[in-house]
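Structural features, examined
Each chain, written out:
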Amino acid sequence: MIPLRKQQRPSSPAHAAVETIGGPLVWTFDGPFATCLADMEDALRRAIVQVGDVSSIAVLIELSLPGLERRVDAGDAIQPEWGQFLERISARYGLPAPPRVRPLGIEAALATLVIAYRS
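Now for a look at the structure at hand. Bear in mind that the values here come from a model prediction, so they are computed numbers and not experimental data. (Residues numbered from 1 in each chain as written. Predicted model: local features only at pLDDT ≥ 70, side-chain atom pairs only at ≥ 80, totals over all residues. Heavy atoms only, no water.)

Describing the overall build of the protein
- A count of helical and extended segments in the protein gives four helices and four strands.
- Going from the N terminus to the C terminus, the protein shows its helices and strands as α-β-α-β-α-α-β-β.
- Every one of the 119 residues in the protein was classed for burial, and the buried ones make up 33%.
- Residue pairs in contact within the protein that sit at least 24 positions apart in sequence constitute 85% of those at least 6 positions apart.
- With the model as given, the accessible surface of the protein reaches about 7,900 Å², and the carbon-plus-sulfur share is 55%. (Helix = DSSP H or I, 4+ residues; strand = E, 2+ residues; numbered from the N terminus. Buried < 20%, exposed > 50% of the residue type's maximum accessible area, 1.4 Å probe, protein only. Contact = heavy atoms within 4.5 Å. Areas by Shrake-Rupley, 256 points an atom, 1.4 Å probe, with all protein chains shown as cover.)

Observations concerning the sheet that holds strand β4 (residues 111-118)
- Reading across the sheet, the four strands line up as β1-β4-β2-β3 and stay open at both edges, with mixed pairing between neighbours. Two strands bound the open sheet, and with one partner strand each, they are β1 (25-29) and β3 (100-104). Put simply, the sheet's adjacent strands are angled 20 degrees from each other on average, direction ignored.
- With eight bridges joining them, strand β2 (residues 56-64) and β4 adopt antiparallel strand pairing. Residue pairing in the sheet places V59 in a bridge with I115 of β4.
- Across the sheet, helix α2 (residues 33-51) lies against β1, β2 and β4, angled at about 165 degrees from β1, the strand it touches most. (Pairing = 2+ DSSP bridges. Axes fitted to C-alpha atoms, helices over the stretch in contact; angles between N-to-C directions.)

Observations regarding the packing of aromatic side chains
- Within the structure shown, the criterion is met by two aromatic pairs.
- Measuring from centroid to centroid gives 6.2 Å for F33 and W82, while their planes differ by 40 degrees, and the two rings are tilted. Note that F33 is positioned in helix α2 and W82 in helix α4 (residues 81-92), a separation of 49 residues in sequence. For the residue pair F33 and W82, the accessibility class agrees, reading buried in each case.
- Put simply, the rings of F33, W82 and F85 touch in pairs and so form one group of aromatic residues. (Phe/Tyr/Trp six-rings, centres within 6.5 Å; stacked < 30°, edge-to-face > 60°.)

Written out as structure tokens, the structure reads:
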């Protein structure tokens with residue numbers, strides 16, 4: 001039997017915070033479209049603060065098309081909120097690339113925000 005080695009603790013608090021987070025970070029949002037966008041932006045801002053200094057970060061937004069159809073049928077407007085949301089998160093948070101948006105043809109929460117990063 002091979003003995004297990006003790007894991008050494010990181011020497012800096014910033015390094016320790018990144019190691020304890022793990023990844024990817026995932027949130028789901030449902031409800032009025034504008035509220036989901038505001039909540040996604042808030043979650044993105046908090047996640048960037050939480051992960052701190054990383055070498056790379058990628059942001060994915062999955063939109064449920066049936067969920068989006070329900071919101072439109074309920075009277076929610078998609079534009080101009082969607083365009084303004086994409087502009088804000090692309091400009092404010094120092095992302096290397098705009099978030100990738102993937103439409104889902106399945107019934108699910110309206111939006112899912114996925115953040116992957118590498119230290």
